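Per-entry structural report
For reference, the chains in residue letters:
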Amino acid sequence: MASLNVGNLGEYLREQRRSAQLSLRQLADAAGVSNPYLSQIERGLRKPSADILQQLAKALRISAETLYVQAGMLDEREREELETRGVILADPSINERQKQVLLQIYDSFRKENALDTDTPEPAPEPAPEQSSERAARADGGGAATTPSD
């Protein structure tokens, strides 16, 4: 069976599983998938669905969005946005109205910054000789005269 193009997902999953000190069988059981299926994912032979990735993330206690990025299902910026939103929504120290207001502010800043990247660069400063010409015009426009004796 040929390896599929699923990014570094298999390697990343294996690394996460090992750092969690779980065997392949333990992770498969915790995620509700078969041992052979998980092995194939780790070796890059299978491309799991978003649901399977979510189950694996839950079992590994990591964000599902991180696995989506590794699998090429989600852009890194989208993952960061989703994680930020998740943190805001999960914060028990603020009420629902405050969460919604904070998300609106967050959205407005993201839109503003996206517009800033689309605007052209400002015009360069004038060359030094142009500046001295402007200064001469401001002084009366003529050449300096010296008094005669």
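Chains are numbered independently. Their residues run from 1 in the order of the written sequence. Predicted model: local features are reported for residues with pLDDT of at least 70 only, side-chain atom pairs are reported and counted for 80 or more only, and whole-chain, interface and lining totals are derived from all residues. With hydrogens and water stripped out, all remaining heavy atoms of the structure feed into the side-chain values.

1. A look at the nonpolar core
The condition that has to hold: The definition of a nonpolar core used throughout is a set of buried Ala, Val, Leu, Ile, Met, Phe, Trp, Tyr and Cys residues joined through side-chain atoms within 4.5 Å. Three exposure classes are used, based on accessible area relative to the maximum for each residue type with a 1.4 Å probe and protein chains only: buried under 20%, partly exposed in between, and exposed over 50%. Counting from the N terminus, the helices are the DSSP runs of H or I reaching at least four residues and the strands are the DSSP runs of E reaching at least two. Any two residues having at least one pair of non-hydrogen atoms within 4.5 Å are treated as being in contact.
Ranked by internal contacts, the top residues of the largest apolar core, which has 20 residues, are L9, L13, L53, L56 and L67. At the level of secondary structure, the elements contributing two or more residues to this core comprise α1 (9–19), α2 (24–31), α3 (35–42), α4 (50–60) and α5 (64–70). For this core, the element with the most residues is α4, which contributes five residues. Not counting the four nearest positions on each side in its chain, L53 is found in contact with L9, P48, L67, Y68, A71 and M73.

2. A few points about the packing of α2 against α3
Rule in force here: The convention used is that axes are lines fitted to C-alpha atoms, helices contributing only their stretch in contact, and that angles between N-to-C directions extend from 0 to 180 degrees. Any angle between 65 and 115 degrees counts as roughly perpendicular, while under 35 counts as roughly parallel, over 145 as roughly antiparallel, and the rest as oblique. Each residue gets one of three labels, nonpolar for Ala, Val, Leu, Ile, Met, Phe, Trp, Tyr, Cys and Pro, charged for Asp, Glu, Lys and Arg, and polar for the others, Gly among them.
Between α2 and α3, the shortest axis-to-axis distance is 9 Å and the interhelical angle comes to 110°. Here α3 runs roughly perpendicular to α2, going by the angle between their axes. Residues L24, R25, L27 and A28 of α2 form the contact with α3, whose own contacting residues are N35, L38, S39 and E42. Partitioned by chemical class, the residues of the contact of α2 with α3 number four nonpolar, two polar and two charged.

3. Here's the deal with the side chain of Q40
What counts, and what does not: Within 3.5 Å is the distance limit for a polar contact, defined as a pair of N or O atoms, with the added protein rule that one can donate a hydrogen and the other accept it, and that residues adjacent in sequence qualify only through two side-chain atoms.
Structurally, the position occupied by Q40 is in helix α3. Of the polar contacts made by the side chain of Q40, one reaches the side chain of R46; its length is 2.7 Å. With sequence-adjacent residues up to four places away left out, Q40 is seen in contact with L45 and R46.

4. Examining α3
Of all the residues in α3, the buried ones are L38, S39, Q40, I41 and E42. Against α1, α2 and α4 lie the buried residues of α3. Near the N-terminus of α3, the side chain that reaches the backbone nitrogen of Y37, with its oxygen 3.1 Å away, is that of S34.

5. Focus on unusual backbone geometry
For Q21, which is not a glycine, the phi torsion comes out positive at approximately 55°. Checked against the element boundaries, Q21 lands in the loop between α1 and α2. A positive phi angle, close to 60°, is found at R61, a residue other than glycine.

6. Remarks on helix α6 (residues 76–90)
We apply this condition: Expected helix span is computed as 1.5 Å times (number of residues minus one).
Over its 15 residues, α6 extends 21 Å from the first C-alpha to the last, a length consistent with the 21 Å expected when each residue adds 1.5 Å. The set of residues buried in α6 consists of R79, R85 and I88.

7. Focus on the packing of α1 against α4
Defined as follows: By definition, turning the near helix anticlockwise from the far helix through less than a right angle yields a left-handed crossing, and turning it clockwise yields a right-handed one.
Between α1 and α4, the least distance of the axes is 10 Å, while the angle of their chain directions is 25°. Here α1 is positioned roughly parallel relative to α4, judged by the angle of their axes. When you trace α1 past α4, the crossing you get is left-handed. Contacts from L9, L13, Q16 and R17 in α1 reach L53, L56 and L60 in α4. Looking at the contact of α1 with α4 residue by residue, the class counts come to five nonpolar, one polar and one charged.

8. Points about a nonpolar patch on the surface
What counts is decided by this rule: Here the term patch refers to residues with relative accessible area over 30% and no salt bridge, with like charges joined within 9 Å and nonpolar side chains (Val, Leu, Ile, Met, Phe, Trp, Tyr) within 5 Å. Only the protein chains shown count as covering a residue, and every accessible area follows the Shrake-Rupley method with a 1.4 Å probe. Think of a salt bridge as a Lys or Arg side-chain nitrogen and an Asp or Glu carboxyl oxygen that are within 4 Å of each other.
A cluster of nonpolar side chains, V101, I105 and F109, forms an exposed patch at the surface whose accessible area comes to about 250 Å². If you trace the backbone, F109 turns up in helix α7 (residues 96–118).

9. A word on the pattern of salt bridges
Within this structure, the stated rule accounts for six salt bridges. Three or more residues joined by partner-sharing salt bridges are found here, namely E81, R85, D107 and R110.

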